[in-house]
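Survey of secondary and tertiary structure
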Amino acid sequence: MADRESMQVDVVVVGAGPAGLSAAIRLKQNALKSGNDVSIVVLEKAAEIGGHILSGAVIDPVGLNELVPDWQQKGAPLATQVTSDRFRYFTSSRAFDFPTPLLPKLFSNHGCYIASLGDLCRWLGDEAEALGVDVFPGFAATELLVDDMNVVKGVVTGDMGRDRNGEETSGFTPGMELHARYTLIAEGARGSLAKKAIARYRLDREADPQKFGLGIKEIWQVAPENHREGHVEHILGWPLDDATGGGGFVYHAAGNQVIVGHVTHLNYTNPHLSPFDEFQRFKTHPEMRKLLEGGQRIAFGARAMTSGGWQSVPELAFPGGALIGCSAGFMNLPRIKGSHTAILSGMRTADLFSAALLDGRGNDVIEDAKNKVLAGALHDELHPVRNAKPLLSSFGTIAGTVLTGIDLWLQQLLKFSPFGTMHHKHADNDTLHLARNSTEILYPKPDGVLTFDRASSVYLANIGHDENQPVHLKLADASVPIRHNLPQYDEPARFYCPAGVYEVVKDASGMPSFRINAANCVHCKTCDIKDPAQNITWTPPEGGSGPNYRGM
Amino acid sequence: MKILVPVKRVVDHKVNVRVRADGSGVETGNVKMSMNPFDEIAVEEAVRMREAGTCDELVVVSIGPKQAEDTLRTALALGADKAILIESDERVEPLAVAKLLKELAAREAPDLVLLGKQAIDDDAAQTGPMLSALLDWPISSFAAKIEAKDDALEVIEEADNGREVVTLPLPAIVTVDLQLNQPRNVSLPSVIKAKQKPLERLAAADFGVDLAPRLEILATRAPDPRPEGKRVGSVDELLAALRSHAGLLEGEAR
Ligand SMILES: Cc1cc2nc3c(=O)[nH]c(=O)nc-3n(C[C@H](O)[C@H](O)[C@H](O)COP(=O)(O)OP(=O)(O)OC[C@H]3O[C@@H](n4cnc5c(N)ncnc54)[C@H](O)[C@@H]3O)c2cc1C
Ligand code: SF4
């Protein structure tokens, strides 16, 4: 390891998502104002900025308004304003509308934009670079540099050119050490370094367990007569049963494109459940069929989102840095929006660090960071909706939604919640029932027109992954999938993984073994979250591996 | 020896290309772009010659939109010394590219122009040969091995009937094939250094070259989907299937 080069900067940001880029931009803006020079590096594991970003997205511009007030003149890719909005409930054959006047204010998408968060990030990347931030796509941060005093001193980027067994090939290129006064972790939901930092500094000791959902999304080119640019729908109910949280979304973007997606909350209990197939089935609802028939699917992807909200936000600051964005978890679940809160958290955190840098500080703990970041706009965004997820978990989708509505109305009108602050009792890896106590689920075969299999879907994620590299999905104990997960839970990895990475294959004598097709991985992080044995750790593969999303 | 390597920005080879709804071409709107893989091989080869000491200056050039700067930065990170962008937002056809390169060759005076054998977007494979004709320099195409010998190059080329060994006096043109080398991984330190390397911007229109397209694209169509494969259980079944299929085994000895 002696031949690793190193570089000293003021701040290294891990992840060029909305949180990371906003923090970088804000740090530079602050530095320009105060006249001190700060050097900022942003590392991004995707081959280009936005390549691993997957979001809805209906974007609330509050964050951007504050960060780049003249974003409209500067041509930020938020062009399609939401013009109509519907909140629906599906049964297997019918659809009902929630009456809009009954919906609390925050459910309205008025003033929001239908856009690609990936495209917005690419634009933010240009903004950051114009301010002098060095953004390096194609390089994943794989380790935190921690000194003997247990202080984070920066990060290391991954080696490239190791073979499957970890041996150096002729193309070997060692990673680089980035030494920084402060390290901001902006990896999004279930960040791999965030996970290490949270564990090392026990940042979650006073927080509820983080909760997650897996979102799967496709972009469709639809028949012009089915298209209503600016129209937004959120849908609860079928195909999920009432005990399983989640729902679908339909956003009519520009150019006859419709974004269809479906989220399954990862605290589902039936190990046979497959979020991928639930989504495929969702598209066969008569309402969806009507919309998509005659259209063509042009993109596919999947990504986990946080859904724990207020109660699950961990301590943000650790010695030498902080968590921002969905690595901490600022997603507003009932609104399914986290991009604006990611931007806001990046900015608020940047302000704290700018002040520290100006004071000549570094590699220390920013005091009271969580309270400071969670004050104001982020408080007003997350605190009122804090019971939505626990109510859904406890009472099911219908009753939980009604109770959430009541809770929000009471808070909106009387500033009072009858529920106080409810808590998340279990982590998502802890919620599966045993396979023998669960019904098997028979999903319909894909028709290749409206519904598809995993292989043809992953194909549309444009994955680039050199197969001759170490498997990036690490099993703590290689025997667990077959010895423990298979008999107990029918090895749920083969059902929850949306990309078909995990398989249980039988040899001629019927002996099962566990196969990992790592090159299919779309970096959604679900396995790291949902494995009941917590035996799978997602680590960043060689920089530039993984999906090459555009417009997602 | 001074080497000039032209590099083209094309739709990334990992992207599944899609024909535009109106059939006017392939969708390049919101698609990831990167360096034509054959050009990457050309840059790598030149960098190796630079490292071996047979090349003392390596210049890369790209003709295309402003965003082609990213492609040039990649080439600089791979090890080029300096980059030139000849900016044009129009479709520039191989002949026009060759003419621009001829003008640039007059200015830069390279001993060798090393190109990819073709670009993966149009697969034309014309720029190298056309440049050779315009400059009246010798050319070797589809190089699988290049060796510098005093004032000449010895090149092994991939030909239809095997491999040919040719010797070219300098200055010369060589187009490279897949077998030539495996381009290196770009390291972060080299990306950082590449930011400091010179990148000159020129306008294609200033070259006094006729850039007007001469080709008309009538239609673009996606290939018909491949019929699904069939799994056979035994050698006999395989033979039977092959026999019943459009005479695949015709002429076999009975
Ligand atoms: C299906 C779905 C629908 C959604 N819909 C909406 C919506 O409509 N509106 C809305 O506002 N929000 C929506 N969200 C939420 C929103 O996308 C997130 O809140 C937001 O993306 C969080 O931003 P972030 O910057 O924290 O993380 P991310 O956007 O996840 O970005 C993290 C970045 O860091 C990179 N990275 C991660 N680890 C490393 C590493 N170790 N080294 C280098 N780079 C790394 C990633 O590649 C990525 O580019 C949705 C989310 C999902 C999954
Ligand atoms: S392997 Fe894990 S991270 Fe990769 S696609 Fe499957 S579930 Fe998602």
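Coordinates for the structure precede this section.
Overview of the overall build of chain B
The number of helices and strands found in chain B is six helices and 11 strands. Taken over 254 residues, chain B has a buried fraction of 42%. Counting only contacts in chain B whose residues sit at least 6 apart along the sequence, the fraction spanning at least 24 positions is 69%. Of the accessible surface of chain B, which amounts to about 13,700 Å², a share of 50% is contributed by carbon and sulfur atoms. A distance of 5 Å separates the average location of the 32 positive side-chain charges in chain B from that of its 43 negative side-chain charges.

Observations concerning the overall build of chain A
Helix and strand counts for chain A come out as 14 helices and 24 strands. Overall, the C-alpha framework of chain A stretches about 65 × 65 × 45 Å when taken along its three principal axes. Per-residue burial over chain A gives 62% buried out of 552 residues. Contacts spanning at least 24 positions in sequence make up 78% of the contacts within chain A whose residues lie at least 6 apart. When the accessible surface of chain A is split by element, carbon and sulfur atoms take 52% of a total near 20,900 Å². In chain A, the 51 positive side-chain charges and the 62 negative ones have mean positions that sit 5 Å from each other.

Details of the pattern of salt bridges
Side chains bearing opposite charge may pair, as long as their charged atoms lie close to each other. Applying the stated rule across the entire model yields 55 salt bridges over all chains. The salt bridge partner of Glu5(A) is Lys193(B), with a shortest N-O separation of 3.9 Å. One end of the pair, Glu5(A), is in the segment before β1 (6-14); the other, Lys193(B), is in helix α5 (residues 188-194), on a second chain. The exposure class assigned to Glu5(A) is partly exposed, which follows from its relative accessible area of 39%. Residue Glu278(A) pairs with Arg281(A) through a salt bridge whose shortest N-O separation is 3.6 Å. Of this pair, Glu278(A) and Arg281(A) both sit in helix α5 (residues 275-282), three residues apart, which is roughly one turn of that helix. Just as Glu278(A) is buried, Arg281(A) falls in that class too. A single network of salt bridges, built from pairs that share partners, joins Arg86(A), Arg88(A), Asp97(A), Glu233(A), Glu287(A) and Lys290(A).

Observations concerning α5(A)
Most of α5(A) sits inside the fold, with eight of its eight residues counted as buried. Within α5(A), burial applies to Pro275(A), Phe276(A), Asp277(A), Glu278(A), Phe279(A), Gln280(A), Arg281(A) and Phe282(A).

Comments concerning helix α1 (residues 18-34) of chain A
Residues and elements named next belong to chain A. With 17 residues, α1 extends 24 Å from end C-alpha to end C-alpha; this agrees with the ideal 24 Å at 1.5 Å per step. α1 sits mainly inside the fold: 13 of its 17 residues count as buried. Phi turns positive one or two residues past the end of α1, at Gly35, with a value near 75°.

Some details on the packing of α1(A) against helix α7 (residues 339-358) of chain A
When two helices pack together, their arrangement is captured by the angle between the axes and the distance separating the axes. All names here are of chain A. α7 packs onto α1 with a crossing angle of 35° between their chain directions and a minimal axis gap of 7 Å. Along this stretch, α1 crosses α7, giving a crossing that reads as right-handed. Residues Pro18, Ala19, Ser22, Ala23, Arg26, Leu27, Asn30 and Ser34 of α1 touch α7, and the partners they reach there are Ser339, Ala342, Ile343, Gly346, Met347, Ala350, Asp351, Phe353, Ser354, Leu357 and Leu358. By residue class, the composition of the contact of α1 with α7 is 11 nonpolar, six polar and two charged.

Some points on the packing of aromatic side chains
All names here are of chain A. Here the structure, examined in full by the defined rule, presents 10 aromatic pairs over all chains. Between Tyr182 and Phe353 the ring centres are 4.7 Å apart and the planes differ by 75°, which places this aromatic pair in the edge-to-face class. Taken together, the positions of Tyr182 in strand β13 (residues 177-185) and Phe353 in helix α7 put the pair 171 residues apart, joining distant regions of the chain. Just as Tyr182 is buried, Phe353 falls in that class too. Three or more aromatic residues joined by ring pairs make a cluster, and in this case those are Phe87, Phe98 and Phe107.

Quick word on the site of ligand 1
Residue and element names in this part refer to chain A. Contacts to ligand 1 come from 38 residues, most closely from Glu44, Ser55, Val58, Cys326 and Ser339. At 2.8 Å, a side-chain N or O of Glu187 approaches a nitrogen atom of ligand 1. Between a nitrogen atom of ligand 1 and a main-chain N or O atom of Gly338, the distance comes to 2.9 Å. The fraction of the free accessible surface of ligand 1 (990 Å²) that becomes covered by protein chains is 98%. Where the shell around ligand 1 is concerned, the elements lending two or more residues are α1, β2 (40-44), β18 (296-306) and α7. Looking at which element gives the most residues to the shell around ligand 1, the answer is β18, with three residues. Looking at side-chain class alone, the shell around ligand 1 contains 22 nonpolar, 11 polar and five charged residues.

Describing the site of ligand 2
Close to ligand 2 lie 13 residues, the nearest being Cys497(A), Cys521(A), Cys524(A), Lys525(A) and Cys527(A). When the residues that make up the shell around ligand 2 are grouped by side-chain class, the tally is 11 nonpolar, one polar and one charged.

Examining the interface of chain A and chain B
Taken together, the 29 residues of chain A in the interface contact 17 residues of chain B. For the pairing of chain A and chain B, the buried interface totals around 1,900 Å² over both sides, and the portion due to carbon and sulfur atoms is 58%. Among the residues chain A hides against chain B, the three largest losses belong to Phe136(A), Phe139(A) and Arg550(A). Together they make up 25% of the total. Remark: the boundary between chain A and chain B carries three salt bridges. Taken together, the connections running from chain A to chain B amount to eight residue pairs in polar contact (both at pLDDT 80 or more). Among the residues making up the side of chain A that touches chain B, the classes are represented as 13 nonpolar, nine polar and seven charged.

Let's talk about the sheet that holds strand β6 (residues 95-97) of chain A
Residue and element names in this part refer to chain A. Read across the open sheet, the seven strands follow the order β6-β5-β15-β16-β17-β14-β18; overall the sheet is mixed. Strands at the two margins of the open sheet, each flanked by one partner only, are β6 and β18. The mean inter-strand angle of the sheet, taken between neighbouring strand axes irrespective of direction, is 20°. Note: strand β5 (residues 84-90) against β6, three bridges, orientation antiparallel. Among the inter-strand pairings, Arg88 is bridged to a residue of β6, identified as Asp97. Where α5 meets the sheet, it contacts β5, β14 (212-221), β15 (231-237), β16 (246-252), β17 (257-265) and β18, and its direction lies at approximately 135° from that of β17.

Quick notes on the environment of Ser24(B)
Residues and elements named next belong to chain B. Relative to the helices and strands, Ser24 is located in the loop between β2 (9-11) and β3 (33-35). Owing to a relative accessible area of 40%, Ser24 belongs among the partly exposed residues under this scheme. In the structure, Ser24 is positioned 196 residues away from Thr220 in sequence and 6.1 Å away in space, judged by C-alpha atoms. Within polar-contact distance, the side chain of Ser24 engages the side chain of Arg20 at 2.9 Å. Among the polar contacts listed, one links the side chain of Ser24 to the side chain of Asp22, at a separation of 2.8 Å.

What counts and what doesn't
Residues numbered from 1 in each chain as written. Chains lettered and ligands numbered in written order. Predicted model: local features only at pLDDT ≥ 70, side-chain atom pairs only at ≥ 80, totals over all residues. Heavy atoms only, no water. Helix = DSSP H or I, 4+ residues; strand = E, 2+ residues; numbered from the N terminus. Buried < 20%, exposed > 50% of the residue type's maximum accessible area, 1.4 Å probe, protein only. Contact = heavy atoms within 4.5 Å. Areas by Shrake-Rupley, 256 points an atom, 1.4 Å probe, with all protein chains shown as cover. Lys, Arg positive; Asp, Glu negative; His and termini not counted. Charge placed at Lys NZ, Arg CZ, Asp CG, Glu CD. Salt bridge = Lys/Arg side-chain N within 4 Å of Asp/Glu carboxyl O. Expected span 1.5 Å × (residues − 1). Axes fitted to C-alpha atoms, helices over the stretch in contact; angles between N-to-C directions. Left-handed = near helix turned anticlockwise from the far one by under 90°. Nonpolar A, V, L, I, M, F, W, Y, C, P; charged D, E, K, R; others polar. Phe/Tyr/Trp six-rings, centres within 6.5 Å; stacked < 30°, edge-to-face > 60°. Near = heavy atom within 4 Å. Polar contact = N/O pair within 3.5 Å; in protein donor to acceptor, adjacent residues only side chain to side chain. Buried area = accessible area lost by both parts, 1.4 Å probe. Pairing = 2+ DSSP bridges.

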